[in-house]
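Results of the structural survey
Read off the chains here:
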Amino acid sequence: MANTKYKISNLINAGAPKTKGSAVTTRLVRIDGEMATELLQRNTRNRPVSDPVVSRYTKAMKDGDWHLNGEPIIIDENGTLVDGQHRLWAVIYSGVPMEAVIVEGVDPDAFMTIDIGKARTGGDAIAAYDDGLKKNRTVLAAAIQTILCFNERGEWYEKHTKVPHEKIIEFIKDNPRIAQSVEFAGKLSGARNLVSYSCLAALHYVLPSVEKESAEEFLVDLSTGEGLGGGDVVLMLRNRLIFMGHPGRRARTSDVMPYIVKAWEIRQSGRAVKRLSVGNNYVPTISQVRMI
C-alpha cells in the first residue's frame, strides 16, 4: 500500500486544458481529514449527503472495519468531486485516515452513470463467501441483523442501520450454527404465515434450551397450534399475530418481537395469564440469551 501523503495540488493540475477526452489517471492515496476537507470543497455537483450512510462508514472506520476495496474517489477533468463524498465525510468525523484509489480526469457527463447499478446486499456477500449458503442467503443475512439487535443482557432493541457485510461474514465464521437455525425455521410453515422466516431463525438461535421448555418446542407449538388449550399463552400469541397481520402480509419483526418474547417468558415461568399484553415501556429480554 502507498503510504505517501499527497496534497490536492499534486492530484489535480488546475491549469490543464479543460477539454473532453483528457487522460484518466489513477493512483493510490492515503486520505486524512485535511485532504478530505479539501476534496469536499470541490463537491459542487453531487447528490445530497445521506447522514445514515456517513454514520455507518464513520463507525466502520472507528472500529477498524474499513478496508481498501478498490472503490475509487472520482474527480472529473474540471477538478470537481463526483463520487466519494460519504467516505470523505466519514474520514473527517472518524479522524481515521483511509487508503483509497483516486481516479482523475473523467468526463463531467460521467456523473450521470455513477451508482446506477444494483447495490450489493448482505445476501450477496454471503453467497460470495460460501456458495453452500447461497440458497438461503437473504434470510441468513436478515436473521443475523435481528440477532445483533440483542445486547449482552439479552435485551432487544431494533436497529435501523444495516450490519456491514464484513460483520455478517464474521458472524457466520464465529457462529456456524446459525445455518442450522435457518434450516429449522424453514420447516415452520405455519409460523412463517405469521412471522418472517428470518425472525424465526433468529429466535431459534437466541432462545436458550432449558429443562422446562426448549426453543424448538416453543416454535413448533407456535407454528402448528396443535394441542394448545384456551389458556395456553402460545395460543394467545398465535391469535395476537394473526390479528396484527394483514391479508397477504405479516406484521413487522419490530412489532411482533415484544409479544413473542413476552409469551416465551410467561411459558418459561409457568404463570397463568388471561391475556397476552405488553406495555409501552416493555423491553423484550431473553434471559440466558444464546449468542454463541
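For the structure itself, look to the data block above.
A brief look at the structure comes next. (Residues numbered from 1 in each chain as written. Predicted model: local features only at pLDDT ≥ 70, side-chain atom pairs only at ≥ 80, totals over all residues. Heavy atoms only, no water.)

**Looking at the overall build of the protein**
When its secondary structure is counted, the protein shows 13 helices and four strands. Pairs at least 24 residues apart make up 72% of the contacts formed inside the protein by residues separated by at least 6 positions. For the protein, the exposed surface amounts to about 15800 Å²; the carbon and sulfur share of it is 50%. (Helix = DSSP H or I, 4+ residues; strand = E, 2+ residues; numbered from the N terminus. Contact = heavy atoms within 4.5 Å. Areas by Shrake-Rupley, 256 points an atom, 1.4 Å probe, with all protein chains shown as cover.)

**Observations regarding the nonpolar core**
Generally speaking, soluble globular proteins have nonpolar side chains that are buried together. By size, the foremost hydrophobic cluster in this structure holds 56 residues, and its most contacted members are Phe218 and Leu237. Going through the elements one at a time, helix 5 (122–129), helix 6 (137–147), helix 7 (165–174), helix 8 (178–185), helix 10 (197–206), helix 11 (215–224), helix 12 (233–244) and helix 13 (253–269) are the ones with two or more residues in this core. Of all hydrophobic cores here, the second largest spans 16 residues; its members include Met35, Ala36, Leu88 and Ala100. (Core = buried A, V, L, I, M, F, W, Y, C linked by side-chain atoms within 4.5 Å. Buried < 20%, exposed > 50% of the residue type's maximum accessible area, 1.4 Å probe, protein only.)

**Some points on the layout of surface pockets**
Counted as a void, the second largest pocket has a volume near 400 Å³. Lining the second largest pocket are 18 residues, with Lys59, Leu148, Val163, Pro164 and Lys167 positioned closest to its centre. Looking at the lining of the second largest pocket, the elements that each hand over two or more residues are helix 3 (51–62) and helix 7. Grouping the constituent residues of the lining of the second largest pocket by class yields five nonpolar, four polar and nine charged. (1 Å grid on protein atoms, 1.4 Å probe; cavity = no way out; pocket = protein on both sides within 12 Å on 5 of 7 lines; lining within 4 Å. Points joined across faces, edges and corners; volume = space filled by probe spheres on them. Nonpolar A, V, L, I, M, F, W, Y, C, P; charged D, E, K, R; others polar.)

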